[in-house]
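A look at the structure
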Amino acid sequence: MGHTVHSLSIGFRRLDCSTGQYALFSLFYKKGVDGFYPSTPNIIEPKIVGQDTFAIIDIGGYFVPRLSDIQKQFKGQLVKIIEDTENGYQKYEDKLSNNSISVPILSVARSSLKIEEDFLVGHEIVVKSEIFLADYGTTLLGKKVLVIGYGKVGSSIAGNLRKRGAIVTVSDKRAIRLANALAHGYQITNDIYTELIDVDIVYIANGEKSIDTLQLKKLDLKHTLYSFSVTSADDTFKNSQMINKLPRYGHNGGYKILKTKSNRTIILANSGDAINFTYSISTLASYVQLTQAEMAVILQKDISGEENQGIVELNENDREKIAKEWLVEIFKFVKS
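Residues numbered from 1 in each chain as written. Predicted model: local features only at pLDDT ≥ 70, side-chain atom pairs only at ≥ 80, totals over all residues. Heavy atoms only, no water.

As for unusual backbone geometry
- Despite not being glycine, Asn 239 has its phi angle at roughly 60 degrees, a positive value.
- Along the chain, the position of Asn 239 falls in the loop between β14 (237–238) and α10 (241–244).
- Of note in the backbone geometry, Asn 270 takes a positive phi value of approximately 50 degrees without being a glycine.
- A residue is classified by how much of its surface remains accessible, and Asn 270, at 12% relative accessible area, is buried. (Helix = DSSP H or I, 4+ residues; strand = E, 2+ residues; numbered from the N terminus. Buried < 20%, exposed > 50% of the residue type's maximum accessible area, 1.4 Å probe, protein only.)

Section: the pattern of salt bridges
- Across all of its chains, the model carries 14 salt bridges by this definition.
- For Lys 128, the salt bridge identified is with Glu 124, shortest N-O distance 4.0 Å. Residue Lys 128 and its partner Glu 124 are located together in helix α4 (residues 114–135), separated by four residues, close to a single helical turn. This pair shows no difference in class: Lys 128 is buried, exactly as Glu 124 is.
- In this structure, Arg 164 engages Glu 130 in a salt bridge whose closest nitrogen and oxygen atoms are separated by 2.9 Å. Of this pair, Arg 164 sits in the loop between α5 (152–163) and β9 (167–171) while Glu 130 sits in helix α4, and the two are 34 residues apart along the sequence.
- Connected through salt bridges with shared partners, the residues Glu 294, Glu 313, Glu 316 and Arg 319 form a single ionic network. (Salt bridge = Lys/Arg side-chain N within 4 Å of Asp/Glu carboxyl O.)

Side note on the nonpolar core
- Of all hydrophobic cores here, the largest spans 31 residues; its most connected members are Ile 157, Leu 161, Tyr 203 and Phe 228.
- Secondary-structure elements contributing two or more residues to this core are α4, β8 (144–148), α5, β9, β11 (201–204), β13 (225–229) and β16 (265–269).
- Sort the elements by how many residues they give to this core and α4 lands first, with six residues.
- Setting aside anything within four residues of it in sequence, one finds Ile 157 in contact with Gly 122, Ile 125, Val 126, Val 147, Tyr 203, Ala 205 and Val 230. (Core = buried A, V, L, I, M, F, W, Y, C linked by side-chain atoms within 4.5 Å. Contact = heavy atoms within 4.5 Å.)

Examining the packing of aromatic side chains
- In the structure shown here, the tally under the stated rule is 10 aromatic pairs.
- A ring pair is formed by Phe 54 and Phe 74, whose centres lie 5.4 Å apart and whose planes are at 90 degrees; its orientation type is edge-to-face. Of this pair, Phe 54 sits in strand β5 (residues 54–58) while Phe 74 sits in the loop between α2 (67–73) and β6 (78–83), and the two are 20 residues apart along the sequence. There is no split in this pair, since Phe 54 and Phe 74 are both buried.
- The rings of Phe 132, Tyr 136, Tyr 203, Phe 228, Tyr 249 and Tyr 255 are connected pair by pair, giving a single aromatic cluster.
- The ring centre of Tyr 186 lies 4.0 Å from the NZ or CZ of Arg 162, which sits over that ring. (Phe/Tyr/Trp six-rings, centres within 6.5 Å; stacked < 30°, edge-to-face > 60°. Lys NZ or Arg CZ within 6 Å of the ring centre and 35° of its normal.)

With respect to the sheet that holds β9
- Taken in spatial order, the seven strands line up as β10-β9-β8-β11-β13-β16-β15 in an open sheet, and their pairing is mixed. Single-partner strands in this sheet number two, and they are β10 (187–189) and β15 (255–259). Going from strand to strand, the sheet's axes swing by 25 degrees on average, the running direction of each strand aside.
- Two strands pair when backbone bridges link them, and β8 and β9 are joined in this way by five bridges, in the parallel orientation. The residue bridging Val 145 from the neighbouring strand is Val 168, located in β9.
- Contacting β11, β13, β15 and β16, α4 runs over the sheet at an angle of about 145 degrees to β13.
- With respect to the sheet, helix α6 (residues 175–183) is in contact with β9 and β10, its orientation differing from that of β10 by roughly 160 degrees. (Pairing = 2+ DSSP bridges. Axes fitted to C-alpha atoms, helices over the stretch in contact; angles between N-to-C directions.)

Below you can see the structure in the form of structure tokens.
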């Protein structure tokens, strides 16, 4: 897989930002070489790294399961890990609580610069799902929809669905988010499996293995259920190995079919993986460069003395500088 390297003016220098196949792969960055090297999830090739120091850019926490081995194998070479997603942030947070990470962890997942990207990710998920449904002869209009997870992406999904005439119910394990969804005018539920019996479509927006494949198979569905995910099937579904074994049908990522006890069909779009990585169009445009620029700055950041402070983030002053430079670069704003 090739990566085209673009540069974005940030701060006092120009740094390189990759715009490759964003977020399907975890990447590592080899210091002193322009661009990003793609890595099979959680695998680092010693022949590429050599004896150099390097940083991992993880997009989903995929290096976490093998992190102990990686730290031992590349002791003194691995200088930092940068996580891009909320799902990955939580995985590293859990790992840190076990005192099993010896290298600094930095993240842009909760950055103010990522708000725009997360909103547009939610929009893109709805756009791609709408295309998928049209391919198979249906639409969002008037459909009963369950959105699981009402964070930044989930709330964007819910809003975009409502604009398209869907009837939206929200579920989240956090009571404060349910209260938020209720205030925004949505129906809420804390009983996912009962709700799934009667809905047409489900969007699983929080990862966290929040849906059990075994429970899905036990559902007495009233009709066909379409399922759209925002992350990998392994992170979305408990007992995901059952999904991995199913045959794939269709095109543009395709779909898998899970049969329930009532012989109803659950259509898993993109085989249970993230729907926003299907089809060739993208609605993220240049907004993704805000986050990429922050990661580029973090790569250069001296974090001496911050190693034992949990997950480190860039300060708001630096983020403001990035946003100003982005506006000048992308929209030709005059510097104030």
